[in-house]
Structures are given as C-alpha cells and as structure tokens.
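Examining the three-dimensional arrangement
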Amino acid sequence: MDTKKNIIISVDGTAASGKGTLSQKIATTLGFAYMDTGALYRAVAYEILQSGNDPENEENALQGTKDLINKIASANSLSDILHNPALRKEEIGEAASKIASQNNVRKCLIDIQRNFAKNPGKAYSGAVLDGRDIGTIICPEASVKLFITAGSEIRAQRRTKELQSKGLDVTYDAVLKDMRARDTRDANRQLAPMKPAKDAIVLDTSNLGQDEMLKKALQIIEGKLSTL
Ligand code: DC
C-alpha cells in the first residue's frame, strides 16, 4: 500500500442506521479525519429556521446555504459549527432533508466536502465522510465505500431511545413515521439520491451491536486497503 496516498472512506446510509457513530469510530481507529456531511445540511436548515424562513422555498434555502458558507469562512473551526447540539433535533433533520433536494444547495456544499476529503490535515492519513451521496457523487474515487442500513423499526427504536435519553418528548410511532418519510424523500429525489454506489459494500446493522459493526467494517476496510 502507498502510505503517502490520502485515503478516503465513504460511509453512506439511511437515517439512524448507526453510520455516524460507526464512521467516528473508524476514523479514530485508523487515525483519519471525520466529517458528518449530514451536519452541513442540518446547519443550513438551522440557519433558515433561525431566520424564520421556509426551507422549502428555494431562495430562502440558497440564502441559508450562503449564510452558512460565510459563517464557516469566518469561523476558527468548522467542527464547532457542525457540533452544535441544536442540529440534532428532529425538526432540523426533517428540514435538512427538504433543502437537500435542491440543486443550488447541493452545489454550494460540494467544495467544502471534497476539500475536506482531499486535504484532511497533516495529522491525518485519510478521511472518513458519512452522508447519502459520498460514494456516488462527492468522492466517487473513495478507496472504500460502505452503505449502512437497518430495518426501519430497529432504526426508529434506536432513535426514539436516543431522543428520550436526551429528555425529549417523542413517541416511537412518530419517530418511525418521520424516518420513513425522510428515507423516501432522500432516496427518491432526482439529485444525488441516497443509494449505494455500484462498488459499495452494504452492511445491514439490524442485528449488530456497535462493537460488531465496527469489527465488520474494519475487516472490510483492511481487506480493501491491503489491495491498494
Ligand atoms: O445524516 P443526517 O440524518 O444528519 O442528514 C440529514 C439530512 O441531510 C438527510 O435527511 C439528507 C441530507 N443529506 C444529504 O442529502 N446528503 C448528505 N451527504 C448528507 C445528508
């Protein structure tokens, strides 16, 4: 393996499939940088809702995207913006899914993601990006592509537990309904729909705990990297 090569690992998948936690763990284990690209879409949605605007209005959505890009340009750390706990709310995820179907929004966010993947920083020998279109559109050259999913009921159970543990008043039925609506919107939009890349390995995590998930993913990654 050429150790000077910057390695990119894409981890796409459905909402609450565990792809975020898995990606962070992969990045920590391998000493790679990590970007949660869903947080970029969430941050745009947050800008729009904070301004009292409608995320489904294309002009509002574009303005929100430009506002975020300006904020990132003047911020010391992109990580602080993407780790804002307010981004994790269900209504922000819903609005993020709505703005994510708009061409102008997606186009404006491409460079941030590609630049991060190609230049993760001197301390890192690669980058892990998770999202919906990383293996298909953002980094089709990724060395390893994973697509993470699980049954919708299991994902809704996991998400309900997570939200309730944060003190949020949510029900399983409502979470399941929103999650299915979001998956349908993300998978059926015309632009960069959520789908596994042709060369992605699909990992169903329905019956896997977090440690098993990581073990499986690392086996796949090591197998792929050993052929480079
Ligand atoms: O991964 P997440 O749930 O935080 O993502 C929120 C929304 O952002 C998701 O419903 C669709 C959109 N998204 C996208 O379209 N492309 C990405 N690469 C990441 C997220």
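Coordinates for the structure precede this section.
What counts, and at which threshold
Residues numbered from 1 in each chain as written. Predicted model: local features only at pLDDT ≥ 70, side-chain atom pairs only at ≥ 80, totals over all residues. Heavy atoms only, no water. Near = heavy atom within 4 Å. Polar contact = N/O pair within 3.5 Å; in protein donor to acceptor, adjacent residues only side chain to side chain. Areas by Shrake-Rupley, 256 points an atom, 1.4 Å probe, with all protein chains shown as cover. Helix = DSSP H or I, 4+ residues; strand = E, 2+ residues; numbered from the N terminus. Nonpolar A, V, L, I, M, F, W, Y, C, P; charged D, E, K, R; others polar. Salt bridge = Lys/Arg side-chain N within 4 Å of Asp/Glu carboxyl O. Pairing = 2+ DSSP bridges. Axes fitted to C-alpha atoms, helices over the stretch in contact; angles between N-to-C directions. Contact = heavy atoms within 4.5 Å.

Around the ligand lies a shell of 16 residues, among which R42, R106, R132, R182 and D186 are the nearest. In the environment of the ligand, a nitrogen atom lies 2.9 Å from a nitrogen or oxygen atom belonging to the side chain of D133. One of the side-chain nitrogen or oxygen atoms of R189 is found 2.9 Å away from an oxygen atom of the ligand. Computed on the free molecule, the ligand has an accessible area of 450 Å², of which 98% lies beneath the protein chains in the complex. Looking at the shell around the ligand, the elements with two or more residues in it are α2 (37-50), α5 (90-99) and α9 (172-188). When residues of the shell around the ligand are assigned to their parent elements, the largest contribution, four residues, is made by α2. Within the shell around the ligand, the residues separate by chemical class into three nonpolar, four polar and nine charged.

Considering all chains together, one arrives at 13 salt bridges under this definition. With a shortest N-O distance of 4.0 Å, E56 and K98 are connected by a salt bridge. In this pair, E56 is assigned in the loop between α2 and α3 (58-74) and K98 in helix α5, connecting sequence segments 42 residues apart. Note that E90 and R159 form a salt bridge whose closest N and O atoms lie 3.2 Å from each other.

For the rest of this paragraph, the subject is the sheet that holds strand β4 (residues 144-149). Across the sheet, which stays open at both edges, the five strands sit in the order β2-β3-β1-β4-β5 with parallel pairing between neighbours. Lying at the two open borders of the sheet, with one neighbouring strand each, are β2 (33-36) and β5 (201-204). Between one strand and the next, the sheet's axes are offset by a mean angle of 20°, whatever the strand orientation. Pairing of strand β1 (residues 7-13) with strand β3 (residues 126-131), which is carried by six bridges, proceeds in the parallel orientation. For I8, the partnering residue across the bridge sits in β3 and is A127. The sheet strands contacting helix α1 (residues 19-30) are β1, β2, β3 and β4, and the helix crosses β3 at an angle near 180°. Relative to the sheet, helix α10 (residues 210-225) contacts β1, β4 and β5, its axis offset from that of β4 by approximately 155°.

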